[in-house]
Amino acid sequence: SLREPLPLLSPPSAQGPLPAPRWPVECEVIKETIEHIEWVPPEPEPFCPTRGLEQALDSLGEEQGTVVYYSSPVLQGSCFTRARVGGAPGPLSSPATPLEGPQDTTLLFESRFESGNLQKAVKVGPYEYVLTLRPDLYTAKHTQWFYFRIQNTRKDPLYRFTIANMAKPKSLYGQGLQPLLYSQRDAQSRGVGWRRVGSDVSYYRGSAEEPSAFRLSWTVRFPHDGDTCFFAPCYPYTYSDLQRYLRALAADPARSQFCAVRPLCRSLAGNTVYLLTITGPGGTAGKRAVVASARAHPGESGSSWAMQGFLDFLLSTHADAQLLRRLFVFKVVPMLNPDGVVVGNSRCSLAGRDPNRAYGLARLGSFPSVQHLQAMVQRVLAEREVVLYCDFHGHSRKNNVFMYGCDTGGASAGTRLHQRVFPLMLSKNAPDKFSFPSCKFQVQKSKEGTGRVSMWRLGISHSYTLEVAFSGSTLGETSSHFTVEDLKSLGPLLCDTLLDFFDPAPAKFQRCLAEVDALLRRRTGCEPGSGGSWSDVSPSELESSTSGSDSSVSDG
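Residues numbered from 1 in each chain as written. Predicted model: local features only at pLDDT ≥ 70, side-chain atom pairs only at ≥ 80, totals over all residues. Heavy atoms only, no water.

J.: Before we move on, can you summarise unusual backbone geometry with the specific residues and values?
T.: Even without glycine at this site, Ser115 takes up a positive phi of about 70°. Considering the arrangement of structural elements, one finds Ser115 in the loop between β4 (108-110) and β5 (120-125). (Helix = DSSP H or I, 4+ residues; strand = E, 2+ residues; numbered from the N terminus.)

Spelled out as structure tokens, the structure:
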């Protein structure tokens, strides 16, 4: 059934405890609640100096060290079977090697918490560790996201950490991206949260025995003795963070009057996939619709911060937000893959497959959020025009913010131009973050199962993937990492662009249309008077005439 029984799926209420996340029964989960403060660094955090792949470090291998942490779910088969609150029943194991005394400087690792990912830590020197990430559950691959806790720190030594099984041959760590560090003592005493750290950051091919594995290595000094610290590639945003946000929304009478929070469905593990309907007073008659979704890929946490900024603005008292609510009905699914987020996967759901390649597949029962999102959009299309779909993602190999659209080459020149106007407008509203030259519109065969292509084929003519770099922007005076505020600022910028794009006064739209046409003419050599037309050029040829085709670097 496409409609789940609503009494079994109540959204977070304004009072009482949050619904606890449900975990596969193979996963051990510590009882402590992990929360972090939000903080914006007072100065931009610039990219660090880079080392090329050819400058690989002479790092010790784990076979030369001592295992000091090992935690990997003992999967009872090759596929997910059942889940429960709290994960595995019974007493917890002790994956960390106990300290021998107060003089023992061995770090204590932990990752058995929401969104955590670290499978093994091997001590290969007094202050050097080789780490192994856990693949996505029920797969043997997709090692990219990491999030783990460290205790028993010393502030003076220079530590080196090397993650030995990164999956992708290219990474923004090779272009200046630094890991994030969170010091619990700094958060409690100084109000300082996540910050970029690490010198000598390197991303390089692994050993000859594992040519398909890549290594991420960095050095760092901890700020305090005896601190509790965390590492992550991007600002974590957990399923519980979303639930806390929705509970605060339900408790706010000003914002909740414009927003109905309902369950879209339940995930395979039984976690609620939430659907928000946002519009202004006076009903929905005559209004067009906008659909947005995020976090199909759990390791792309920046997309959740951008989505939160989108929701914050839409539900604000700003005059533009009020106008948007008068004009449109917004259907928003802020977290499509809660199970993957809970268990700390990089890309997959508990089906062991990528949900953003599952649209249009026959076995949709393995992807309930995809199935119900498609069904919801079809119902909305039967009632009203859906003018735009935007799926929020993160990107691990390209800087800045950019979009992927849909152009198969069979449409008219006008339609193909229109596809490119919205991203161009967004680049003008966010010139220090959004790169229009990085946008791609070719629909490759491997992307037929994505959300944006599926929604486009359902009849949403403007259907996009919004890609937010794990790193930051190269478009300002200096290249610097995105902060949480930078990520959230994308929401208002997207809303401004919606108003520009659908402005009844056509001047701005027509200027951008002419600009896109001139750009495509220059790319293809079809200048006025040349006798040629870019409209006869296929999307693949259009994009091969630009630098940086997404054929090798697309994450979405």
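J.: How would you explain the UniProt feature "active site" (unreviewed entry) in the chain if you had to name every residue and give the values?
T.: UniProt annotation of "active site" (unreviewed entry) refers to Glu467 when read in the numbering used here. Tracing the sequence through the fold places Glu467 in strand β21 (residues 463-469). (UniProt positions renumbered as here; feature names shortened; annotations may be inferred.)

J.: Before we move on, could you go through the sheet that holds strand β16 (residues 288-294) and cite the residues and values that matter?
T.: In space, the eight strands of this open sheet follow the order β14-β15-β17-β16-β18-β21-β19-β20, with mixed pairing throughout. Looking along the sheet, the strands with just one partner apiece sit at the ends: β14 (259-266) and β20 (440-442). Sheet twist, expressed as the mean angle between neighbouring strand axes with direction ignored, is 20°. Relative to strand β17 (residues 328-333), strand β15 (residues 272-278) is paired through three bridges, and the arrangement is antiparallel. (Pairing = 2+ DSSP bridges. Axes fitted to C-alpha atoms, helices over the stretch in contact; angles between N-to-C directions.)

J.: I'd love a proper account of the sheet that holds strand β11 (residues 199-205), names of residues and values included.
T.: Pairing in this open sheet of six strands is mixed, and the strands run β2-β5-β6-β8-β12-β11 from one edge to the other. Each edge of the open sheet carries a strand with a single partner, namely β2 (66-70) and β11. The average angle at which neighbouring strand axes cross in this sheet is 20°, direction not considered. Sheet analysis places strand β8 (residues 159-166) next to strand β12 (residues 214-220), joined by six bridges and oriented antiparallel. Bridge pairing links Arg160 to Thr219 in β12.

J.: Any chance you could break down the side chain of Lys331 for me, citing the residues and the numbers?
T.: Tracing the chain through its elements places Lys331 in strand β17. Buried within the structure, Lys331 lacks any salt-bridge partner; Glu383 is the closest side chain of opposite charge, at an N-O distance of 6.6 Å. Within the local environment of Lys331, its side chain forms a polar contact with the side chain of Thr277, the two groups lying 3.0 Å apart. Here Lys331 is in contact with Leu275, Leu276, Thr277, Val290, Val291, Ala292, Met376 and Val380, once residues within four sequence places are set aside. (Buried < 20%, exposed > 50% of the residue type's maximum accessible area, 1.4 Å probe, protein only. Lys, Arg positive; Asp, Glu negative; His and termini not counted. Salt bridge = Lys/Arg side-chain N within 4 Å of Asp/Glu carboxyl O. Polar contact = N/O pair within 3.5 Å; in protein donor to acceptor, adjacent residues only side chain to side chain. Contact = heavy atoms within 4.5 Å.)

J.: Go over the pairing of strand β9 (residues 180-183) with me, naming the residues and quoting the values.
T.: Across the two faces of β9 the burial is the same, with Leu180 and Tyr182 and Leu181 and Ser183 all buried. Bridging between β9 and strand β13 (residues 229-232) involves four bridges; their strand directions are antiparallel. Each bridged residue has a counterpart across the sheet, and for Tyr182 the counterpart in β13 is Phe230. When β9 meets strand β10 (residues 195-196), the two strands line up antiparallel, connected through two bridges. Residue pairing in the sheet places Leu181 in a bridge with Arg195 of β10.

J.: Can you tell me about the nonpolar core, naming the residues and giving the values?
T.: If you look at the biggest cluster of nonpolar residues, it comprises 128 residues, and the most contacted ones within it are Phe109, Phe161, Phe231, Phe310, Phe330, Phe392 and Met403. The greatest single-element share of this core, amounting to nine residues, is contributed by helix α10 (residues 484-501). Counting the residues that make up this core, at least three belong to each of domain 1 (27-232) and domain 2 (239-541). Not counting the four nearest positions on each side in its chain, Phe109 is found in contact with Val68, Tyr69, Ala96, Leu118, Ala121, Tyr129, Leu131, Phe148, Arg149, Ile150 and Phe161. Membership of the second largest hydrophobic core comes to 21 residues, among which are Cys265, Val273, Val291 and Ile460. (Core = buried A, V, L, I, M, F, W, Y, C linked by side-chain atoms within 4.5 Å. Domains from an automatic or database assignment.)

J.: A description of helix α8 (residues 413-429) should follow, citing residues and the corresponding values.
T.: Between the first and last C-alpha of α8 there are 25 Å, a value that for 17 residues agrees with the 24 Å anticipated at 1.5 Å per step. Along its length, α8 reaches its greatest deviation from straightness, about 25°, at Val421, and the proline Pro423 lies no more than four positions downstream. Turning to α8, its buried residues are Arg416, Leu417, Gln419, Arg420, Val421, Phe422, Pro423, Leu424, Met425, Leu426 and Ser427. (Expected span 1.5 Å × (residues − 1). Bend = angle between axes of the 7 residues up to and from the residue.)

J.: Run through the domain arrangement of the chain, naming residues and quoting values.
T.: We note that the domain assignment places domain 1 (27-232) and domain 2 (239-541) within the chain. For domain 1 and domain 2, the distance between their C-alpha centroids amounts to 31 Å. Taken together, the contact pairs 33 residues of domain 1 with 39 residues of domain 2. Summing both partners gives a buried area of about 3000 Å² for domain 1 against domain 2, and 55% of it is carried by carbon and sulfur. There are two salt bridges connecting domain 1 and domain 2. (Buried area = accessible area lost by both parts, 1.4 Å probe.)

J.: I'd like to hear about the pattern of salt bridges, residue by residue, with values.
T.: For the structure on display, the rule yields 20 salt bridges. For Asp407, the salt bridge is made with Arg420, and the minimal N-O distance between the two is 3.0 Å. Highlighted residues: Asp407 in strand β19 (residues 401-407) and Arg420 in helix α8, separated in sequence by 13 residues. The exposure classification of Asp407 matches that of Arg420, with both residues buried.

J.: Please give an account of the environment of Ala232 that cites residues and values.
T.: Counting through the fold element by element, Ala232 comes out in strand β13. Owing to a relative accessible area of 0%, Ala232 belongs among the buried residues under this scheme. Once the C-alpha coordinates of Ala232 and Asn117 are considered, the two residues, 115 residues apart in sequence, prove to be 9.3 Å apart. Not counting residues within four places of it along the chain, the set of residues in contact with Ala232 comprises Phe146, Tyr147, Pro179, Leu180 and Trp194.

J.: How would you summarise the environment of Tyr138 if you had to cite specific residues and measurements?
T.: With respect to the secondary-structure elements, Tyr138 resides in the loop between β6 (128-132) and β7 (148-151). Of the residues examined, Tyr138 reaches a relative accessible area of 11% and is grouped as buried. For the pair Tyr138 and Ala351, spaced 213 residues apart in the sequence, the C-alpha separation amounts to 7.4 Å.

J.: Go over the state of the cysteines, please, and point to the residues and values.
T.: In this structure the tally under the stated criterion is zero disulfides. Looking at the unpaired Cys79, the closest cysteine sulfur is the one in Cys348, lying at 14 Å. (Disulfide = S-S within 2.5 Å.)

J.: Can you explain the packing of aromatic side chains? Please cite residues and give values.
T.: Inspection of the entire model under this criterion finds 35 aromatic pairs. Centre to centre, the rings of Tyr159 and Phe222 are 4.9 Å apart; their planes meet at 65°, and the pair counts as edge-to-face. Here Phe222 lies in the loop between β12 and β13 and Tyr159 lies in strand β8, a separation of 63 residues in the sequence. In this structure, Tyr159 and Phe222 share a single accessibility class: buried. Between Phe422 and Tyr464, the aromatic rings sit 5.7 Å apart at their centres with planes inclined by 20°, giving stacked as the arrangement. Of the two residues, Phe422 is situated in helix α8 and Tyr464 in strand β21; the sequence distance between them amounts to 42 residues. (Phe/Tyr/Trp six-rings, centres within 6.5 Å; stacked < 30°, edge-to-face > 60°.)

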